[in-house]
There are 2 protein chains.
Amino acid sequence: MKIALIGLGQVGRSFLRILAENRAFYQEKLGTKLDIAVAADFHHMLHSDDGMDPQRLLYYKEKGDIWGTGYAEVEREALFDMDFDVLVDLMPATSDGIRARDLYLETFKRSRDVVTACKSGLANFWPEIMSSSVSSGRKIRYEATVAGGVPFFSFMQKCLRSSAITKIVGQVNSAANYVLLSIAKGDTFDHSIEEAGKLGILEANYHFDTLGYDSAWKTVITANSVFGSSLRAGDIVFEGVEGMNPKTADLENTRLLAEIELQNGELAASSKLKKLDPSDPLASLKGKGLGFTVYMKGRAPLTVLEFNDGPTETATAVINDLLLL
Amino acid sequence: MKIALIGLGQVGRSFLRILAENRAFYQEKLGTKLDIAVAADFHHMLHSDDGMDPQRLLYYKEKGDIWGTGYAEVEREALFDMDFDVLVDLMPATSDGIRARDLYLETFKRSRDVVTACKSGLANFWPEIMSSSVSSGRKIRYEATVAGGVPFFSFMQKCLRSSAITKIVGQVNSAANYVLLSIAKGDTFDHSIEEAGKLGILEANYHFDTLGYDSAWKTVITANSVFGSSLRAGDIVFEGVEGMNPKTADLENTRLLAEIELQNGELAASSKLKKLDPSDPLASLKGKGLGFTVYMKGRAPLTVLEFNDGPTETATAVINDLLLL
């Protein structure tokens, strides 16, 4: 499988690191060889017909410039003239999602599949992207767009086929909840942002996290994927964690949660602050944790939890998608 | 998809109930029609070329005798002369597993697939059953053999492809843990067994649960499935919850847990009582809960929890397997 890797931020570099460490494992256990045919950051787009060494790309990216790898430079316009099977979009979020939409539609048109960790396109243009995917017969997988390394969509698609889903509640953004729990412990907003940055759990523009956009976008993608709706980013009620001046006691067990519920055929989707019962398994998640609970018709709910999410975990979700293609 | 349903105990009846309620949902959402071509309990094996009404089977089973449905009776020896695609084994566990082994080998030979909730065959004859499945090109799925309605194997197979598994810890048997937690609260063994029976979480022979066999068998199946080993029921260290006379305080956060770990290429598998740290997500599971934590190389562990397992949940796992075939 030949990959065009677009975006070498925290998740992109984790992707390279995992690939460098696990390529033999993937090939041996799964019979899949993952080759990087194209790699691009904001400055350069490089290409090699023989596949690029992920370790070498990582080394030069961390030194500051992937151009140092010596791989051939390609004009961005020539991307689809290169030989690859899957476009992997690990670029940062933008508020309008136009870059991502245009890129995916072009990718489908040029007969390639998409795996993305970027929420913006899907949260703003779900109907357009999905109908283009269907009409072109190309696939898009987006596990890493919601809840980092927690396997949400593959869980819904593969593990819960026998049950009608009635409700989903998820802690899907770690940055906002990290800030929330830090403030609950008496920390300042600014200092908690600084710490979250060190952990690699902030969007490039952290206001996307703290104003609640990130969690709202994830809510939209989740609703559309699970319940077949056609919501767009602007369609749901959401709130964030900036500018709060709460009594810290009120924040205990409070989380920013995506909540999507189907009641009498009506879908209600929101991303809001909510106080959890202490016995709720989601309440066990601390600042770096992500997870969700799925409620189903006629059977007990299931919860999936990850106590420590970061770029590495998100990158594993991207690779799982590649291995499911 | 035409099903031969063998076993109409608690899980079998839940299977019929779910099928009666959800057939339209499966057909509409998933494009799969699930028809019961053969249904059997200990007394009768019935057959209909047009598919049997699950509601009618359930009604007469609960009245006491499925013969009342009026469907044609078949000799057990003629099972494979009937027209069906998948054998669904919901029979109770036996300690030797010979019945299940013989049935699955015959099923593969007669070009049908197997979905099973019965642990005995796989725990005792994993190598024989899997090699027969491979050589015949037929499938076997066994989600419901471990941890009831918690999707364990589909989670491992579909959601975690990108990571090398290093350790699994699971609360995979609810009956033993129900008894354990009841005793911790001061209840007697006999009374807790009575209550567990009412909840439908006991094996037909409850000593399989309380002496630890059930959890041990599940440990064997988990180890073989995830780590590619060829363990048999007798190969692992296990303990149960019968005949204990503990100080109840010692039992707080103690659970009967399957634990399988790969260290330096060596696999260690056991099913033993273990005191959990209170912050361990598995410690949040009470008597009817099931769940597991998966540890992976180079990334954060994931936990899947279900607070209330019972025959309905186990039956949904069986149906999920059918829908994954």
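Residues numbered from 1 in each chain as written. Chains lettered and ligands numbered in written order. Predicted model: local features only at pLDDT ≥ 70, side-chain atom pairs only at ≥ 80, totals over all residues. Heavy atoms only, no water.

Novice: So, the overall build of chain A: which residues are in play, and what are the values?
Specialist: When helices and strands are tallied, chain A shows 10 helices and 13 strands. Relative to its length of 325 residues, chain A is compact, with a C-alpha radius of gyration of 20 Å against a globular reference of 20 Å. Once the C-alpha set of chain A is aligned to its principal axes, its extents read approximately 55 × 45 × 40 Å. Counting only residues that meet the buried cut, chain A has 60% of its 325 residues in that class. The contacts of chain A with a sequence gap of at least 6 include a subset with a gap of at least 24, amounting to 68%. (Helix = DSSP H or I, 4+ residues; strand = E, 2+ residues; numbered from the N terminus. Rg over C-alpha atoms; globule rule 2.2 N^0.38 Å. Buried < 20%, exposed > 50% of the residue type's maximum accessible area, 1.4 Å probe, protein only. Contact = heavy atoms within 4.5 Å.)

Novice: Lay out the sheet that holds strand 2 (residues 35-40) of chain B in plain terms, naming residues and giving numbers.
Specialist: The seven strands are arranged 4-3-2-1-5-6-7 (chain B) in an open sheet whose pairing can be described as mixed. Edge strands, defined here as strands with exactly one partner in the open sheet, are strand 4 (72-73) and strand 7 (140-141) of chain B. (Pairing = 2+ DSSP bridges.)

Novice: Can you tell me about the packing of helix 4 (residues 120-136) of chain A against helix 9 (residues 213-227) of chain A, naming the residues and giving the values?
Specialist: All names here are of chain A. As a packed pair, helix 4 and helix 9 sit with axes 8 Å apart at the nearest point and diverge in direction by 35 degrees. Handedness of the crossing formed by helix 4 with helix 9: left-handed. Along the contact surface, helix 4 presents Leu122, Ala123 and Trp126, while helix 9 presents Trp217, Val220, Ile221, Asn224 and Ser225. (Axes fitted to C-alpha atoms, helices over the stretch in contact; angles between N-to-C directions. Left-handed = near helix turned anticlockwise from the far one by under 90°.)

Novice: Any details on the confidence of the model for chain A? Residues and values, ideally.
Specialist: For chain A, per-residue confidence averages 94 on the pLDDT scale, and residues scoring 70 or more make up 98% of the total. At the level of chain-chain contacts, confidence expressed as ipTM amounts to 0.94, with global pTM at 0.94. (pLDDT = per-residue confidence, 0-100.)

Novice: Explain the packing of helix 1 (residues 10-30) of chain A against helix 10 (residues 311-324) of chain A to me, using residue names and the numbers behind them.
Specialist: Residue and element names in this part refer to chain A. For the pair helix 1 and helix 10, interaxial distance at closest approach is 9 Å and the crossing angle is 45 degrees. Taken together, helix 1 and helix 10 sit at an angle that is classed as oblique. Handedness of the crossing formed by helix 1 with helix 10: right-handed. The segment helix 1 lies against helix 10, with Gln10, Val11, Ser14, Phe15, Ile18, Leu19, Tyr26 and Leu30 engaging Pro311, Thr312, Thr314, Ala315, Thr316, Val318, Ile319, Leu322 and Leu323. Class assignment for the residues of the contact of helix 1 with helix 10 results in 12 nonpolar, five polar and no charged. (Parallel < 35°, antiparallel > 145°, perpendicular 65-115°, else oblique. Nonpolar A, V, L, I, M, F, W, Y, C, P; charged D, E, K, R; others polar.)

Novice: Help me get a handle on the interface of chain B and chain A, residues and values and all.
Specialist: At the interface, 38 residues of chain B touch 38 residues of chain A. Summing both partners gives a buried area of about 3100 Å² for chain B against chain A, and 59% of it is carried by carbon and sulfur. Three residues, Arg161(B), Ser162(B) and Arg299(B), lead the burial of chain B against chain A; their summed loss comes to 20% of the area buried on that side. Here chain B is connected to chain A by two salt bridges. Measuring nitrogen to oxygen at the nearest pair gives 2.6 Å for the salt bridge that ties Glu306(B) to Arg299(A). When residues of the side of chain B that touches chain A are traced back to their parent elements, those giving at least two are helix 1 (10-30), helix 5 (153-159), strand 13 (299-306) and helix 10 (311-324) of chain B. (Buried area = accessible area lost by both parts, 1.4 Å probe. Salt bridge = Lys/Arg side-chain N within 4 Å of Asp/Glu carboxyl O.)

Novice: Kindly report on the relation of the copies chain B and chain A, identifying the contributing residues and their values.
Specialist: For the pair chain B and chain A, the relating rotation is 180 degrees, the translation along its axis is 0.0 Å, and the fit reaches an RMSD of 0.0 Å. One copy is carried onto the other by what is essentially a two-fold rotation axis. For chain B, the minimum C-alpha distance to the rotation axis belongs to Val304(B) and amounts to 2.2 Å. Counting the interface residues of chain B, we find that 100% of their copies in chain A are interface residues as well, pointing to one common contact surface. (Least-squares fit on C-alpha atoms with pLDDT ≥ 70 in both.)

Novice: Explain the pattern of salt bridges to me, using residue names and the numbers behind them.
Specialist: Tallying each qualifying case throughout the model produces 34 salt bridges over all chains. The shortest N-O distance in the salt bridge between Arg17(A) and Glu62(A) comes to 3.0 Å. One end of the pair, Arg17(A), is in helix 1; the other, Glu62(A), is in helix 2 (residues 54-63), with 45 residues separating them in the sequence. We note a salt bridge from Glu195(B) to Lys198(B), for which the minimum N-O separation is 3.2 Å. Pair noted here: Glu195(B) and Lys198(B) are both in helix 7 (residues 189-199), with a separation of three residues, about one helical turn. Owing to a relative accessible area of 62%, Lys198(B) belongs among the exposed residues under this scheme. One salt-bridge network, in which partners are shared between bridges, spans Arg23(A), Lys33(A) and Asp35(A).

Novice: Can you tell me about unusual backbone geometry, naming the residues and giving the values?
Specialist: Notably, Ala147(A) is not glycine yet its phi reads approximately 60 degrees, a positive angle. With respect to the helices, strands and loops of the structure, Ala147(A) is situated in the loop between strand 7 (140-141) and helix 5 (153-159). The phi angle at Asn253(B) is positive, at roughly 65 degrees, despite the residue not being glycine. Examined against the element boundaries, Asn253(B) turns out to sit in the loop between strand 9 (237-238) and strand 10 (254-263).

Novice: Account for the pairing of strand 6 (residues 113-116) of chain A, naming residues and giving values.
Specialist: Residues and elements named next belong to chain A. Residues Asp113 and Val115 point to one face of strand 6 and Val114 and Thr116 to the other, with burial holding for every one of them. Judged from the four bridges that link them, strand 5 (residues 86-89) and strand 6 form a sheet pairing that is parallel. Across the sheet, residue Asp89 finds its bridge partner in strand 6, namely Thr116. Considered for its hand, the β-α-β crossover made up of strand 5, helix 3 (residues 98-109) and strand 6 is right-handed. (Right-handed = clockwise from strand over helix to strand, strands pointing away.)

Novice: Account for helix 6 (residues 174-184) of chain B, with residues named and values stated.
Specialist: Residue and element names in this part refer to chain B. Among the 11 residues of helix 6, 10 are classified as buried, and the element is accordingly described as predominantly covered. Every buried residue belonging to helix 6 is among Ser174, Ala175, Ala176, Asn177, Tyr178, Val179, Leu180, Leu181, Ser182 and Ile183, and all of these are buried. Packed against the buried residues of helix 6 are strand 8 (165-171), helix 7, helix 8 (207-210), strand 10, strand 11 (266-275) and strand 12 (290-296). Looking at where helix 6 begins, the residue whose side-chain oxygen comes 3.0 Å from the main-chain nitrogen of Ala175 is Asn173. Just downstream of helix 6, Gly186 is the residue with a positive phi angle, here 100 degrees. (Polar contact = N/O pair within 3.5 Å; in protein donor to acceptor, adjacent residues only side chain to side chain.)

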